[in-house]
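# Chains, contacts and geometry: an overview
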Amino acid sequence: MSQAAPMIDRVPGLRFFRTLPRAAQIGAAAAVVALLVVVSMWSRSPDYTVLFSNLDDRDGGTIVSALGQMNVPYKFSDNGSAILVPKENVHEARMQLASQGLPRGGNVGFELLDQSRFGASQFTEQVTYQRALEGELANSSCTA
């Protein structure tokens with residue numbers, strides 16, 4: 001500590017450090033080191049963002065196992081309603097999961113129009129179109 005004393009004397013705000021008892025000096029130095037370690041670890045942790053939300057349990061389990069195979073770290077939101085991944089991985093993970101057909105569940109979208117029936121009334125076609133549009137909007141809003 002005798003070598004550090006001249007350096008401490010040169011820093012105007014730290015002159016009080018020499019007036020502290022030896023145990024307090026060690027404690028203060030340990031606190032500063034611990035604070036630096038905490039700040040450095042906090043700054044290195046990735047920023048997580050929502051990959052998918054409002055999933056049913058079957059899709060959630062399939063997506064979690066696929067993320068494990070892709071070595072993408074994930075965690076759940078506080079109430080478990082969303083899967084979070086690091087911000088830099090979100091778009092690539094969505095594309096890879098979409099290539100596997102995930103998420104499968106949720107609302108049916110424009111697939112309803114593929115099943116049009118011969119002789120259906122205009123009202124039935126309008127209702128089918130409305131349901132398909134609502135399903136597509138619901139699916140797009142849960143992955144945004």
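For the structure itself, look to the data block above.
## Comments concerning the nonpolar core
Core analysis: the largest hydrophobic core is formed by 14 residues, its most contacted members being L51, I63, L67, M70, I83, V85 and L97. Elements with a contribution of two residues or more to this core: β1 (48-53), α4 (57-69), β3 (82-86) and α5 (90-99). Examining the composition of this core, we find that four residues originate from one element, α4, more than from any other. Non-local contacts of I83, meaning those with residues more than four positions away in its chain, are made with T49, V50, L51, F52, L55, G60, I63, V64, L67, Y74, K75 and F76.

## Focus: α5
Because each turn of an α-helix spans 3.6 residues, side chains separated by three or four positions in sequence point in the same direction. Within α5, the full set of buried residues consists of V90, A93, R94 and L97. On an axial view of α5, the arc spanned by its buried residues comes to 100 degrees, and they lie on one face. Facing away from the buried surface of α5 by more than 90 degrees, the exposed residues are H91, E92, M95 and S99. Those residues of α5 that are buried lie in contact with β1, α4 and β3.

## Concerning the layout of surface pockets
Estimates place the volume of the second largest pocket at around 200 Å³. When grouped by side-chain class, the residues that make up the lining of the second largest pocket number three nonpolar, four polar and three charged.

## Re a nonpolar patch on the surface
On the surface, V11, L14 and F16 cluster together into a nonpolar patch covering about 260 Å² of accessible area. As for its position among the elements, L14 is in the loop between α1 (4-10) and α2 (16-19).

## Some thoughts on the pattern of salt bridges
Scanning the entire structure with this criterion turns up one salt bridge. The salt bridge partner of D47 is K87, with a shortest N-O separation of 4.0 Å. Placement of D47 in the loop between α3 (22-44) and β1 and of K87 in the loop between β3 and α5 is noted, with a sequence separation of 40 residues between them. Since its relative accessible area comes to 46%, D47 is described here as partly exposed.

## Comments concerning the sheet that holds β3
Pairing in this open sheet of three strands is antiparallel, and the strands run β1-β3-β2 from one edge to the other. One side of each edge strand has no neighbouring strand; the edge strands of this open sheet are β1 and β2 (75-76). Two elements, β2 and β3, share two bridges in a ladder whose sense is antiparallel. Its bridge partner being in β3, K75 is matched across the sheet by L84. Contacts from α4 reach β1, β2 and β3, with the element oriented near 15 degrees to β3.

Scoring rules and cut-offs
Residues numbered from 1 in each chain as written. Predicted model: local features only at pLDDT ≥ 70, side-chain atom pairs only at ≥ 80, totals over all residues. Heavy atoms only, no water. Core = buried A, V, L, I, M, F, W, Y, C linked by side-chain atoms within 4.5 Å. Buried < 20%, exposed > 50% of the residue type's maximum accessible area, 1.4 Å probe, protein only. Helix = DSSP H or I, 4+ residues; strand = E, 2+ residues; numbered from the N terminus. Contact = heavy atoms within 4.5 Å. Arc of directions from axis to C-beta. 1 Å grid on protein atoms, 1.4 Å probe; cavity = no way out; pocket = protein on both sides within 12 Å on 5 of 7 lines; lining within 4 Å. Points joined across faces, edges and corners; volume = space filled by probe spheres on them. Nonpolar A, V, L, I, M, F, W, Y, C, P; charged D, E, K, R; others polar. Patch = residues over 30% accessible without salt bridge, like charges linked within 9 Å, V, L, I, M, F, W, Y side chains within 5 Å. Areas by Shrake-Rupley, 256 points an atom, 1.4 Å probe, with all protein chains shown as cover. Salt bridge = Lys/Arg side-chain N within 4 Å of Asp/Glu carboxyl O. Pairing = 2+ DSSP bridges. Axes fitted to C-alpha atoms, helices over the stretch in contact; angles between N-to-C directions.

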